[in-house]
Protein chains: 2
Amino acid sequence: MIETPYLLFLGDAPDQLAAKVAQGIKDWRPEFALGQFRMDGCKADMKLPDMDLTEAKAAGAKTLVIGVANRGGVISPAWKKVLIQALEEGFDLASGLHNLLRDEEDLVAVAKACGRTLHDVRVPSVKYPIANGVKRSGKRCLAVGTDCSVGKMYTALAMDAEMRAQGMKSTFRATGQTGILITGDGVPLDAVVADFMAGSIEYLTPDNDDDHWDLIEGQGSLFHVSYSGVTMALVHGGQPDALILCHEPTREHMRGLPGYALPTLEALRDVALTLAKVANPDCVVVGISVNTQHMSEEEAVAYLGRVEAEMGLPAVDPFRHGAARLVAALANV
Amino acid sequence: MIETPYLLFLGDAPDQLAAKVAQGIKDWRPEFALGQFRMDGCKADMKLPDMDLTEAKAAGAKTLVIGVANRGGVISPAWKKVLIQALEEGFDLASGLHNLLRDEEDLVAVAKACGRTLHDVRVPSVKYPIANGVKRSGKRCLAVGTDCSVGKMYTALAMDAEMRAQGMKSTFRATGQTGILITGDGVPLDAVVADFMAGSIEYLTPDNDDDHWDLIEGQGSLFHVSYSGVTMALVHGGQPDALILCHEPTREHMRGLPGYALPTLEALRDVALTLAKVANPDCVVVGISVNTQHMSEEEAVAYLGRVEAEMGLPAVDPFRHGAARLVAALANV
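Residues numbered from 1 in each chain as written. Chains lettered and ligands numbered in written order. Predicted model: local features only at pLDDT ≥ 70, side-chain atom pairs only at ≥ 80, totals over all residues. Heavy atoms only, no water.

J.: Even after reading the chapter, I still don't get the environment of Gln85 of chain B, so can you show me in this structure?
T.: Residue placement: Gln85 of chain B occurs in helix α3 (residues 77-88). Residues Gln85 of chain B and Val110 of chain B lie 25 residues apart in sequence; the distance between their C-alpha atoms is 9.2 Å. (Helix = DSSP H or I, 4+ residues; strand = E, 2+ residues; numbered from the N terminus.)

J.: So what exactly am I meant to see when it comes to unusual backbone geometry here?
T.: If a residue is not glycine, its phi is most likely negative; likewise, a peptide bond is most likely trans. In this structure, the amide linkage connecting Thr4 of chain A to the following residue, Pro5 of chain A, adopts the cis form with an omega of 0 degrees. Residue placement: Pro5 of chain A occurs in the segment before β1 (6-11). You will see that Ser149 of chain A, though not glycine, has its phi angle at about 55 degrees, which is positive. Inspection of the secondary structure assignment puts Ser149 of chain A in the loop between β6 (139-145) and α5 (152-165). Phi at Gln239 of chain B takes a positive value of approximately 45 degrees, unusual for a residue other than glycine.

J.: Would you mind showing me how to read the relation of the copies chain A and chain B here?
T.: Taken together, a rotation about one axis and a shift along it account for how the two chain copies relate. It takes a turn of 180 degrees to lay chain A on chain B, together with a shift of 0.0 Å along the axis; the resulting RMSD is 0.0 Å. With respect to symmetry, the two chain copies, as superposed, fit the operation of a two-fold axis. When the interface residues of chain A are mapped onto chain B, 100% of them are again interface residues, pointing to one common binding face. (Least-squares fit on C-alpha atoms with pLDDT ≥ 70 in both. Contact = heavy atoms within 4.5 Å.)

J.: Explain the UniProt feature "domain: D-glutamate N-acetyltransferase-like C-terminal" (unreviewed entry) in chain A to me, please; I cannot follow it from the model alone.
T.: Residues annotated by UniProt as "domain: D-glutamate N-acetyltransferase-like C-terminal" (unreviewed entry) correspond here to residues 130-327 of chain A. In residues 130-327 of chain A, helix accounts for 39% and strand for 16%; the two terminal C-alpha atoms are 31 Å from one another. (UniProt positions renumbered as here; feature names shortened; annotations may be inferred.)

J.: Looking at this structure, how should I read the side chain of Arg136 of chain A?
T.: Residues and elements named next belong to chain A. Here Arg136 is to be found in the loop between β5 (118-120) and β6. Summary of buried charges: Arg136 has no salt-bridge partner, and the nearest side chain of opposite charge, Glu202, is 4.2 Å away. Of note is the side chain of Arg136, whose polar atom sits 2.9 Å from the backbone oxygen of Gly237. When residues no more than four places from it in sequence are discounted, the contact partners of Arg136 are Ile201, Glu202, Thr205, Pro206, Asp207, Gly237, Gly238 and Gln239. (Buried < 20%, exposed > 50% of the residue type's maximum accessible area, 1.4 Å probe, protein only. Lys, Arg positive; Asp, Glu negative; His and termini not counted. Salt bridge = Lys/Arg side-chain N within 4 Å of Asp/Glu carboxyl O. Polar contact = N/O pair within 3.5 Å; in protein donor to acceptor, adjacent residues only side chain to side chain.)

J.: Is there a simple way to explain the interface of chain A and chain B in this structure?
T.: As a measure of interface size, the accessible area lost when the parts come together is often cited. Of the residues lining the interface, 33 residues belong to chain A; the matching set on chain B comes to 33 residues. Taken together, the two surfaces of chain A and chain B that pack against each other cover about 2600 Å², and 64% of this comes from carbon and sulfur. Our count for the contact surface shared by chain A and chain B stands at 0 salt bridges. In this structure, the connection of chain A to chain B is made through 10 residue pairs in polar contact (both at pLDDT 80 or more). Where the side of chain A that touches chain B is concerned, the elements lending two or more residues are α7 (197-204), α8 (228-237) and α9 (265-279) of chain A. (Buried area = accessible area lost by both parts, 1.4 Å probe.)

So this is what it looks like as structure tokens:
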């Protein structure tokens, strides 16, 4: 569990896209995003108050979150100086970088001397159990995709935000590094050892109030041969009561797999629901989330209308039109 | 890759069952099983020549394989003495124990001093790639089960043995600790990190002659919620051309999961084939392997006849009746 609120470290980000982790935190947990720390030459701007470490500390920030991708997989000396100073001033550090904070000897030494914590969210920090399949109380919704990177995390975050706004009980359950940094907690599923994958998701989504919904962040796709095992563990470990099908209609082949066509939404529905019913016979598919970013508004609306008619389920792009109809579809579950 | 042939260490095995790894090696790779090493009080007997370390070395043994489960998860002082002496006399050590050889400081020190290797087959020793899904040459057969521990490894080993006997080109590809110790090579799939599971199976079953068959050892079940992600990685990473369905008809619930009924063979066929076709559109289900150990011969024959008629596929218990009909079914693939 990462302590909040955060000071977002944007470093020397070459552009706005390089700081997409910071953007995610600002968009979805603005209450965690007290301010931003930008170095000389930083080209990203979250439109948050610029703060130095002392100002952020005084404002109550607990953790400096690296909200930017580093270049070349190296934590530069310029970054290092800020990170060390942050530890000295009493911040924990949190990072989703491939190269780990814990592999930097100087950071480890200073963190130890100052009694601070280094959070590398790419690495599991919990000894997860093997899944036991026991039915848990509360409700769970899982987004499953025709492919990787079609908007599953966005869909779950948007539904969670809508449910909170409506006063419903919900929790977004992060299963990837960006989601973990946004919420401060979660399971880095792609780094979990095979035998414990499903168990890690049971651990992440424990018993809860009967009217509470976990919105579980999806990973991969049952149809993506590189990562389908990870998705399978979410379907069985998550015991979803409701599935949302996620799709990006303009993609020409599966991400990173030339020659592999995307499945149809019907094929995804049939396979995902069959498998989900193993863990939860009452599971239903409640809606479809379409990422229409490469379509005009007119194209998007026409496409969504067609899918909705064909599938007999609400079909929306939560980025364009909000997640209210997907949330409404949960009411019958 | 573990050097063969082996001296099989049976230690102080309390009964024959405790030495099932040694039994597997003796049954399936008798040419690797030069002799057995038994300590005082050993109740297991592989009907192999009893050898001390010097005799085994003279006979050409390269590796002392721990063919017995230890009690209480501790490598006892009595065992330790033999293991250290084996290293000193020039043997490598190989083990599938939960507690690792590499965690024993004295073994590590002696192995280093003597230039010997400690093989802990529960732990991956290779940095596996992420699966790329590229079609490979040669043929692959995967056994998938309605449940865990229904005879998938046995089926693949029996088919491999039958194919070798017929002069066909085949390789058993181990994905679990016992299989790895039997053959000296393989992937400990349940210990691989999630993102690399399917890639480890691509690595294990590379391009081969067009008329060569990999018999891939199955793991878990698509219907077992604790391990289904592991199975999924085999289905997609293995790109099977042929599936064998494995079943144990007397089981009352999924192994370790009270309340979870076993799927029907039809349900397994439909789900496994649908998913396998994602990676290999030409995949077919060729036969059914039934573990009838809890049935009389008469019951078994009647059951197999019924399944064969219902499913329209050869249904055999390879332990009772051999694997020849399953191998014959591969001819049409």
